[in-house]
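Residue-level structural notes
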Amino acid sequence: MRVVIAVLLLTIVPARGQTTLRGRAADVIQLARGERLFGVSLGPAAPGAREERVLLRAAWLQENLPELYEAALKQQETAEASPLRKQLEDHIEQLRAAPEPDIHRITFLEERLLILFPELADRPPLPDVVVLTIPATQIRQRLNKRGPFRQAAGLAILNGLETAETGTPTELNRALEAINPTQLIRRLPPSGQQADRAVLNQVLLQADWQLGETEKLILQSGQYISEKNAERDMAAVAMKMMTSQVQGQLQQLLREANEGPGARRFQGAARSGALPQTLPAAAINQIGDKADLIEVTSMNMDPTRGSASVQIGLYRPDGQRKTWTRSLQVQGQATSQDVGADRVNEIAQDPRIQQVSQLFQGLGIGDAQLRQAFAIGAVVEAAQERAKKALKDQLFATQSGGTSLDVVNLRMPREVQQ
């Protein structure tokens, strides 16, 4: 009889124009005191734990259960600081204690600290979503939905739809389809020690990239070329790159001759090696002593197909500046369809390019081949611009994608449980 009554409480017929509880996409959790939570059940934090974690829209929780929301926030403020917060605060203190403190970097990191931990502000802003942990003893009844229902409700909550708690799966999916796919948040950002390390690394990387000194290198055919040197003597760099490409073509042709007629034919692609996890000494020796970051660009070109891809990697040093490890890598791709004839003409008229063209013409390179080189150069330029945009987007994005998502983990406080 108790079970029947509890189910009736959850499925009571609503007023005209409202969706029944069973028709809504969201799960329904009824607390011991009778309040209802509309969200998505995430299960216990650990196997066997007698508790339930529920994903909720923060604005809905504050409006419908303000006592619970405020009590949970107050409890969080008095809790021990997270390891990530302590690591970031310690790093800021180390910067302050330096003989010549970098005020700009300190200010930047303090701003990031408030963004990551809004509870430090006098009036913390409302988060986007709340993951509320509820002891099993405080749950009277639950109405969990099927997969398609839960998926629609979860995406609606993550993307801040005001109808997430009341809408049917069809209604929510229709609203979600109206969101730009690149801005759609599909999952919660990861948590735990590994996620903390990733966030801390990202924040420090942001500070280095915006406020520090970045040395830029080009990786081509296994050789690292400083962009500064390339700008000073484009002809010498172009000759080195062409020589490497010709050597690569000869090696490929010799390999095909030895492998026989069934071997894969050479496609005319100039390929650079993948970006390494740690930089070799040949790359490190080309940078200055004050560099905070090394940005390495690697280009893969296929003139016969008119396509190119560009990889960019950011490397940070260890304490002794002997080992530089890759912290971020992105890629941009483009084809001849992405560039117009006007851009190819602009490249051909560039005085620096004309200097290199004269050098190649002296070696017997014809106008048609030069025109093809200009065309693939425009494609590489387009791929590089896309890679640069991807670098900035990923550097300042959260783990959830290109859109920031403020998640607060709360636990049901004792004063509300009683």
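Report follows, based on the coordinates. (Residues numbered from 1 in each chain as written. Predicted model: local features only at pLDDT ≥ 70, side-chain atom pairs only at ≥ 80, totals over all residues. Heavy atoms only, no water.)

**Considerations on the pairing of strand β7 (residues 223-226)**
Heads up, the rule is: Two strands pair under a simple rule: DSSP has to find at least two bridges between them. Counting from the N terminus, the helices are DSSP H or I runs at least four residues long and the strands are E runs at least two residues long.
As defined by bridge partners, strand β6 (residues 214-220) adjoins β7 across four bridges and the pair is classed as antiparallel. Within β7, the residue paired with Gln220 across the bridge is Gln223. Here β6 folds back onto β7, and the loop between the two strands holds two residues, one of which, Ser221, carries a positive phi near 55 degrees.

**Digging into the packing of aromatic side chains**
Selection rule: Under the pairing criterion, centres of Phe, Tyr and Trp rings, with the six-membered ring standing for Trp, must be within 6.5 Å; the plane angle then separates stacked pairs below 30 degrees from edge-to-face pairs above 60, leaving the rest tilted. Per-residue accessibility, obtained with a 1.4 Å probe over protein chains only, is compared with the maximum for each type, and a residue is labelled buried under 20%, exposed over 50%, and partly exposed between these values.
Summed over all chains, the structure comprises one aromatic pair. Ring geometry for Phe38 against Trp60: centres 5.9 Å apart, planes inclined by 80 degrees, an arrangement best described as edge-to-face. Of the two residues, Phe38 sits in strand β2 (residues 36-43) while Trp60 sits in helix α2 (residues 58-64), which places them 22 residues apart along the sequence. Assessed through its relative accessible area of 9%, Phe38 is described here as buried. Given a relative accessible area of 10%, Trp60 falls into the buried group.

**Remarks on the environment of Leu88**
Definition in use: By definition in these notes, contact holds between two residues if any of their heavy atoms fall within 4.5 Å.
By the secondary structure assignment, Leu88 is in helix α4 (residues 83-96). Assessed through its relative accessible area of 0%, Leu88 is described here as buried. The spacing of Leu88 and Glu110 is 22 residues in sequence and 8.8 Å in space, taken between C-alpha atoms. Discounting residues that sit within four places of it in the chain, Leu88 has contacts with Leu109, Leu113, Leu116, Leu200 and Val203.

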